[in-house]
Amino acid sequence: MSESKIKCKICCIGAGYVGGPTMATIAKYCPDVEVHVVDINPKQIARWNSEKLPIYEPGLDECVKKVRGKNLFFSTKIDEAIRACEIIFVSVNTPTKTYGVGAGRAADLKNWELAARNIAKVANGPKIIVEKSTLPVRTAHSMRKVLMANDRGISFEVLSNPEFLAEGTAMKDLATPDRVLIGGLTTKEGQVAVQKLVWVYNHWVTADRIITTNLWSSELSKLVANAFLAQRISSINSISELCEATGADVQEVGRAIGKDKRLGSRFLNASVGFGGSCFQKDILNLVYLCESFGLKEVAEYWDQVVKINDHQKARFAKKMIRSMFNTISGKKIVLFGFAFKKDTGDTRETAAVYVAKHLLAERARVVIYDPKVEHDQIKSDFEYYKALTPGKEFKDCVTIATDPYEAVKDAHAIGIMTEWEEFKSYDYKKMYATMAKPAFIFDGRLILDHPKLLKIGYEVYAIGKPYGVKYQNMDDLKM
């Protein structure tokens, strides 16, 4: 593209789940903006420049290939991009700390600070720095101190522009967002920087969907949004356990309360538990923030959302064990799905690895089939989440299948871990014929036809369903 047509140059440090799709979308809708995505990982960049992208997201492949090499570029030349670009997005990983003060709760800002120090070191003029990673409130203030400590008098403006993407629909979320949130300082310089970023988004997002706030409101809004969404999931999941005990049906309950306009129907689908990179991390971050300010009761309230989620995963695994006569040692159990949700290859905090951990602890033979997740990723997750049986290697504990029908041969049970559409269309009668009897199906996503499965001969357990409940109707309660 001709330099004369370029009005602004943007770079993004971090070529992951947020940086890649976001920058591809900006490049697509902003032909007058040159976009550079940079990362220290050469393998990651090589895959962004290849025919097979490093992440799976519907619509991403087409978007990247449409603009790559035109006004979208992927490279490891971080310093060069910092010097060339006016706006610098920082979208590096900020995992939950595993050490020191705040371990298990606070966000680890090591990568963010390293990025900020490098920007301050190599920048050759004023820059607008945009927080894209999920960060604790007032991180921008700390980062601005790091940036402004440079000895060359270079000025920086720090903006907060949190992402509100749902994996599986990220490209749609980017193309038609509910809102774009931009937070900046209330100074004249801060507001000029805010309007520059507003200009970028105005290429395809209408003004009424762009919200501008102060820095702190923007940073907190991201944490609160995810906390509220996760809270709804944990709420309906807690009710699913009550439904199983009483004979109620959680899907009927969810449908009934979802008709209330004050509540709405979104995020009322009971499941084996939420996963992904954001929900748990952001809630724990919020909990730590509240604890830091001495808000003990508030911290405990939000911490309970995570505890219910952990409980849901554990009780699902325990239900599998109890249903199979309290002994699964040596039994083959097939888990359909390893991604934390459908239409993504992301496995971070997936419920599947936690359920598998419980099964392996009881010496089950675990087989995993997922249509999109890379085999190396599955192996890596078992090691990262310490899910393997102590003293055992991955190959001794887990088998990764490439064909679902082959996977279930001689299996005692199938567990639905991810709501992939293809799982609904399998020939479960054909599968039943090749399985050990009694054959069990445990539906952790409520996507299967349970009456049909029962008719085939399966023993069926599903989250929040009354199968096997002592009291099937009110008449049963009569003394």
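These numbers come from a predicted model, not from an experiment.

Analysis parameters
Think of each chain on its own: its residues are numbered from 1, step by step along the sequence as written. Where totals are concerned, whole chains, interfaces and linings use all residues; where local detail is concerned, this predicted model gives features only for residues with pLDDT of at least 70, and gives and counts side-chain atom pairs only at 80 or more. In computing side-chain values, all of the structure's heavy atoms are included and hydrogens and water are not. Labels follow the DSSP assignment, with helices taken as runs of H or I lasting at least four residues and strands as runs of E lasting at least two, numbered in each case from the N terminus. The cut-offs for exposure are 20% and 50% of the maximum accessible area for each residue type, with area from a 1.4 Å probe on protein chains only; residues under the lower value are buried, those over the upper are exposed, and the others partly exposed. What makes two residues a contact is simply this: any of their non-hydrogen atoms within 4.5 Å. Areas reported here follow the Shrake-Rupley algorithm with a probe of radius 1.4 Å; residue values treat only the protein chains shown as occluding. At least two DSSP bridges between two strands are required for those strands to pair. The handedness rule is simple: strands pointing away from the viewer, and a clockwise path from the first strand over the helix to the second, make the crossover right-handed.

Moving on: the overall build of the chain. Within the chain, the secondary structure is distributed over 18 helices and 14 strands. On the principal axes, the C-alpha backbone points of the chain span a range of 80 × 50 × 45 Å. Here the chain holds 479 residues, and the buried ones make up 52% of them. For the chain, contacts bridging at least 24 residues in sequence account for 75% of all contacts bridging at least 6. In the form shown here, the chain has an accessible surface area of approximately 22400 Å², with 53% of it arising from carbon and sulfur atoms.

Here strand β4 (residues 87-90) shows a buried face lined by I87 and F89 and a second buried face lined by I88 and V90. Here strand β1 (residues 8-13) runs beside β4; their pairing, made up of four bridges, is parallel. Across the sheet, I13 pairs through a bridge with V90, a residue of β4. Both β4 and strand β5 (residues 127-131) contribute to a ladder of four bridges, which runs parallel. Along β5, the bridge assignment pairs I88 with I129. Read from β4 through helix α5 (residues 110-122) to β5, the crossover connection turns out right-handed.

That's the geometry; what it means functionally is another story.
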